[in-house]
Amino acid sequence: MTKSVGTGRAAHRVLAGVDIEVEAGELVAVLGRSGSGKSTLLHLLGALDRPDGGEITVGGERLTGRSERSLARIRLRRIGFVFQSFQLVAECSGEENVLLPTRLPGAPRGGAARARELIVKLGVDPVAERSPHELSGGEQQRFAIARALVNDPVLVLADEPTGNLDTTAAGDVLRLLRDMTERGRAVVMVTHEPEIAAAADRVLEMADCRLG
């Protein structure tokens, strides 16, 4: 994959010939400094942006060349996102945040049952009715992870998922990511922390717009 931002003389190459393949049941960490292109890579893998060149396939479905409507459906059913900033909707409770993707047109059936199962499994059932501002950072991240998994995706993308957490909560999140792979999901996690990347099955380093 290749990707540049800007136009003309202001154009800046972000990714140059990046090649990545992740198997089901594998946790891959992409390690690099801030601004190295890690988040851009996740946005491309998650169909939130389009590459300038190359092809992207998720769960056997080719992303490149698809319409926005088709990409939105693939994101909804095949891809889960976990963000550093949690991105929970402030006006909704933790449980309502988890349920949001299940209520979108085209979502797979059984979402309410999966949401309840995930909330219990992740240990946040006692605080499910609280608003995000009433939750600890670790609790917010657990709800964010439940939301990422509620439509049973084949690929989970985690952008600095431990960046806002203390050591204990960060360890919990890494165990949850590992649990996803044990359920057959492919997980790609980007981080600038070598000790966090070390928890992965495979570590790729982003430098000079390339993965190595």
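Everything numeric here is computed off the predicted structure, so don't read it as measured data. Chains are numbered independently. Their residues run from 1 in the order of the written sequence. Residues qualify for local features only when their pLDDT is at least 70, as the model is predicted, and side-chain atom pairs are given and counted only at 80 or more; totals for whole chains, interfaces and linings, by contrast, use all residues. The side-chain quantities take in all heavy atoms of the structure and omit both hydrogens and water.

Colleague: Could you give an account of helix H2 (residues 68–78), with specific residues and numbers?
Modeller: Each residue is placed in one exposure class: buried if its accessible area under a 1.4 Å probe, protein chains only, is under 20% of its type's maximum, exposed if it is over 50%, and partly exposed if it falls in between. Segments assigned H or I by DSSP are reported as helices when at least four residues long, segments assigned E as strands when at least two residues long, and all are numbered from the N terminus. Taken residue by residue, H2 has Ser70, Leu71, Ile74 and Leu76 as its buried positions. In what follows, a contact means two residues having at least one pair of non-hydrogen atoms within 4.5 Å. Looking at the packing, one finds that the buried side of H2 touches strand E5 (61–62) and strand E6 (79–83).

Colleague: Tell me what's going on with the pairing of strand E3 (residues 27–31), and back it up with residues and numbers.
Modeller: Most of E3 sits out of view: five of its five residues are buried. Of the two faces of E3, the one lined by Leu27, Ala29 and Leu31 and the one lined by Val28 and Val30 are each fully buried. As judged from the five bridges shared by E3 and strand E8 (residues 186–191), these two strands associate in the parallel manner. Residue Ala29 lies in a different strand from E8, and its bridge partner there is Met189. If DSSP finds at least two bridges between two strands, the strands pair.

Colleague: Describe the nonpolar core, naming the residues involved and giving the relevant values.
Modeller: The set of buried Ala, Val, Leu, Ile, Met, Phe, Trp, Tyr and Cys residues whose side-chain atoms join them within 4.5 Å is what this entry labels a nonpolar core. Counting residues in each nonpolar core, the largest one holds 38 residues, and the members touching the most others are Val98, Phe143, Ile145, Leu177, Met180 and Met189. Counting only elements with at least two residues in this core, the list comes to E3, helix H3 (94–99), helix H4 (111–121), helix H5 (137–149), strand E7 (155–159), helix H6 (167–182), E8 and helix H7 (194–197). The biggest single contributor to this core is H6, with seven residues. With sequence-adjacent residues up to four places away left out, Ile145 is seen in contact with Val82, Leu122, Val173, Leu176 and Met180.

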